[in-house]
Amino acid sequence: MSRSEGNAKGRTITLHMVSSLDGFIAKKDNSVSWLNDDGPVYEAGISISAEEAAAFIKTIDCYVLGSRTYEHALELGWPYGDTPVVVVSSRELSSTRKSVEFYSGDLRTLVDVKLAARYRNIWLVGGAMLCQRFLELSLVDEIVLTIAPVLLGEGLRLFGGSLAEERWRLKNVAAYKNGFVEMSYRAVTA
Ligand SMILES: NC(=O)c1ccc[n+]([C@@H]2O[C@H](COP(=O)([O-])OP(=O)(O)OC[C@H]3O[C@@H](n4cnc5c(N)ncnc54)[C@H](OP(=O)(O)O)[C@@H]3O)[C@@H](O)[C@H]2O)c1
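I will try to describe carefully the structure that is included in this document.

Rules used in this analysis
Residues numbered from 1 in each chain as written. Predicted model: local features only at pLDDT ≥ 70, side-chain atom pairs only at ≥ 80, totals over all residues. Helix = DSSP H or I, 4+ residues; strand = E, 2+ residues; numbered from the N terminus. Rg over C-alpha atoms; globule rule 2.2 N^0.38 Å. Buried ≥ 20, exposed ≤ 12 C-beta atoms within 10 Å, placed from the backbone. Contact = placed C-beta atoms within 7 Å. Near = placed C-beta within 6 Å. Nonpolar A, V, L, I, M, F, W, Y, C, P; charged D, E, K, R; others polar. Pairing = 2+ DSSP bridges. Right-handed = clockwise from strand over helix to strand, strands pointing away. Axes fitted to C-alpha atoms, helices over the stretch in contact; angles between N-to-C directions. Core = buried A, V, L, I, M, F, W, Y, C linked by C-beta atoms within 7 Å.

## Considering the overall build of the protein chain
The secondary structure content of the protein chain amounts to five helices and 10 strands. Relative to a compact globule of 190 residues, whose C-alpha radius of gyration would be 16 Å, the protein chain shows 16 Å and is just as compact. On the principal axes, the C-alpha backbone points of the protein chain span a range of 45 × 40 × 35 Å. Taking all 190 residues of the protein chain together, the buried fraction comes to 22%. Relative to all contacts within the protein chain whose residues are 6 or more apart in sequence, the contacts with residues 24 or more apart total 74%.

## Digging into the site of the ligand
Around the ligand, the surrounding shell holds 26 residues, and the nearest of these are Gly66, Arg68, Thr69, Gly126 and Gly127. Put simply, the parts of the chain that give the shell around the ligand at least two residues each are β1 (12-19), β2 (24-26), β3 (62-66), α3 (67-76) and α5 (128-136). Tallied by class, residues from the shell around the ligand come to 13 nonpolar, 10 polar and three charged.

## Looking at the pairing of β3
Within β3, five of the five residues are buried, which leaves it mostly tucked inside the rest of the structure. With burial as the criterion, each face of β3 is covered, one bearing Cys62, Val64 and Gly66 and the other bearing Tyr63 and Leu65. Pairing of β3 with strand β6 (residues 121-124) involves three bridges; the strand directions are parallel. Paired with Tyr63 across the two strands is Trp123, which belongs to β6. The parallel pair β3 and strand β4 (residues 85-88) is bridged by α3, and the resulting crossover is right-handed.

## Let's talk about the environment of Arg133
On the secondary structure map, Arg133 appears in helix α5. Its 15 C-beta neighbours within 10 Å are what place Arg133 among the partly exposed residues.

## Some words on the sheet that holds β3
The eight strands lie next to each other as β5-β4-β3-β6-β1-β7-β10-β9, forming an open sheet whose pairing is mixed. Lying at the two open borders of the sheet, with one neighbouring strand each, are β5 (100-103) and β9 (168-175). Neighbour to neighbour, the strand axes of the sheet diverge by 20 degrees on average, direction disregarded. Packed onto the sheet, α3 meets β3 and β4 and runs at close to 105 degrees relative to β3.

## Remarks on the nonpolar core
One finds Val64, Leu65, Leu124 and Val140 to be the most contacted residues of the largest nonpolar core, which totals 31 residues. For this core, the secondary-structure elements that each account for two or more residues are β1, β2, β3, β4, α4 (107-115), β6, α5 and β10 (181-187). Setting aside residues no more than four positions away along its own chain, Leu65 makes contact with Tyr70, Val85, Val87, Val125, Gly126 and Leu130.

## A look at unusual backbone geometry
Cis geometry marks the peptide bond from Gly126 to Gly127; its omega dihedral reads 0 degrees. With respect to the secondary-structure elements, Gly127 resides in the loop between β6 and α5. Of note, the phi angle at Asn30 is positive, near 80 degrees, even though the residue is not glycine. With respect to the helices, strands and loops of the structure, Asn30 is situated in the loop between β2 and α2 (50-58). One non-glycine residue with positive phi stands out, namely Ser138, at about 55 degrees. The partly exposed category is assigned to Ser138, around which 17 C-beta atoms lie within 10 Å.

## Examining the pairing of strand β7 (residues 142-147)
Pairing of β1 with β7, which is carried by six bridges, proceeds in the parallel orientation. Across the sheet, the residue bridging to Thr14 is Glu142, located in β7.

Structure, rendered in structure tokens:
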């Protein structure tokens, strides 16, 4: 099933990542504490209340993540609440959380068969390796890229490998009071 066919059936895969200004999603030591450090206030920016954020998060039907992001989330404190989470891994992992399941195998089958049957608003939230693979397979309909107001110098690259040239349509830009800028794109073919 192509990206547009999947879309016609009503499911959307949104890739969301937060990058530093110089294109890193994690520091070399794996730390992501810089994500929580606000920059100097950008007066013209917007801010959203906790209620608005919670209402938005409720619209997400399912998160998909790579096993390293999953393991990091376990260490840092689970950010996904009770929303279903699918962890992609070739290992035999298990969780006591009812909302977590593991998937090993073809990623197109994951999206077009397993996820499409159950969820509409699906968020792929990292890490770099899994997102790269989804993009290579044209499984991403939307990209939401948030840029944090910081240079990290080194770390894990947002999209490290070789992706084919592909144009995306800008849908929205939001600049926040804390200096973070969020850009939303839709695949031109979606
Ligand atoms: N700034 C941000 O927005 C953001 C977002 C997410 C994560 N992060 C950070 O990024 C780091 C993790 O990213 P990462 O790129 O190293 O790893 P990752 O993408 O989270 O996970 C990679 C793992 O996913 C599994 N996987 C990936 N593709 C697969 C495929 N096609 N089939 C089967 N399994 C597949 C493999 O697991 P197995 O080895 O178990 O088989 C692979 O080792 C962490 O530090 C995390 O905190 C940052």
